[in-house]
Amino acid sequence: MKKLLKVVGAAADGAAAGVALVFVLCIATGLIAILTGSPVSLPGFLAAAAGSENGALALEARPTFAGFAVVVALTMLARMIQFARRRDPATPAPR
């Protein structure tokens, strides 16, 4: 039971890290589009372009939610692999 809770915790940790990574990538893409004034695209993930709406700065974003899911899933997978490779400190090393 303890091992199962650790696996579920590692998966939840990976999901949280994946959502944070998606958020950072979205903010960075929008910021680059605004600062450069040209369209920016992360293929299969997000496309953003700066513009103006009634004289005010505007950002047009076209997200691909399947790409968001792939990023979160890959981050979860990486966290699970890291968990599986980590050695329990109470377990003696093989000789």
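See above for the structure.
For the structure given in this document, a descriptive report is provided here. (Residues numbered from 1 in each chain as written. Predicted model: local features only at pLDDT ≥ 70, side-chain atom pairs only at ≥ 80, totals over all residues. Heavy atoms only, no water.)

Observations concerning the sheet that holds strand β2 (residues 46-53)
Consideration 1: Judged by pairing direction, the sheet is antiparallel, and its three strands sit side by side in the order β1-β2-β3 without closing on themselves. Bordering the open sheet on either side are β1 (40-42) and β3 (56-63), each of which pairs with just one other strand. For this sheet, the mean angle separating the axes of adjacent strands, direction not counted, is 20°.
Consideration 2: Docked against the sheet, helix α1 (residues 2-36) engages β1, β2 and β3, running at close to 45° with respect to β2. (Pairing = 2+ DSSP bridges. Helix = DSSP H or I, 4+ residues; strand = E, 2+ residues; numbered from the N terminus. Axes fitted to C-alpha atoms, helices over the stretch in contact; angles between N-to-C directions. Contact = heavy atoms within 4.5 Å.)

Some thoughts on the pattern of salt bridges
Consideration 1: A complete count under the given rule lists two salt bridges for this structure.
Consideration 2: Asp13 serves as the salt-bridge partner of Arg79, at 2.5 Å between the closest nitrogen and oxygen. Linking Arg79 in helix α2 (residues 65-85) with Asp13 in helix α1, this pair joins segments that are 66 residues apart in sequence.
Consideration 3: Owing to a relative accessible area of 18%, Arg79 belongs among the buried residues under this scheme. (Salt bridge = Lys/Arg side-chain N within 4 Å of Asp/Glu carboxyl O. Buried < 20%, exposed > 50% of the residue type's maximum accessible area, 1.4 Å probe, protein only.)

Focus: a nonpolar patch on the surface
Consideration 1: On the surface, a nonpolar cluster with roughly 470 Å² of combined accessible area is contributed by Met1, Leu4, Leu5 and Val8.
Consideration 2: Tracing the sequence through the fold places Leu5 in helix α1. (Patch = residues over 30% accessible without salt bridge, like charges linked within 9 Å, V, L, I, M, F, W, Y side chains within 5 Å. Areas by Shrake-Rupley, 256 points an atom, 1.4 Å probe, with all protein chains shown as cover.)

As for α2
One turn of the α-helix equals 3.6 residues, which is why residues spaced by three or four share an orientation.
Consideration 1: When the terminal C-alpha atoms of α2 are compared, their 30 Å separation across 21 residues agrees well with the 30 Å that a helix rising 1.5 Å per residue should span.
Consideration 2: Of the residues making up α2, those classed as buried are Gly67, Phe68, Val71, Val72, Thr75, Arg79 and Phe83. The buried residues of α2 occupy an angular sector of 160° when the element is viewed end-on, so they sit on one face. Facing away from the buried side of α2 by over 90 degrees, the exposed positions are Ala66, Leu74, Ala84 and Arg85.
Consideration 3: Buried positions along α2 lie against α1 and β3. (Expected span 1.5 Å × (residues − 1). Arc of directions from axis to C-beta.)

Focus on the nonpolar core
Consideration 1: In this structure, Val22, Phe45, Leu46, Phe68, Val71 and Val72 together form the largest nonpolar core, which totals six residues.
Consideration 2: At three residues, α2 tops the list of elements feeding residues into this core.
Consideration 3: Setting aside anything within four residues of it in sequence, one finds Val22 in contact with Phe45, Phe68, Val71 and Val72. (Core = buried A, V, L, I, M, F, W, Y, C linked by side-chain atoms within 4.5 Å.)

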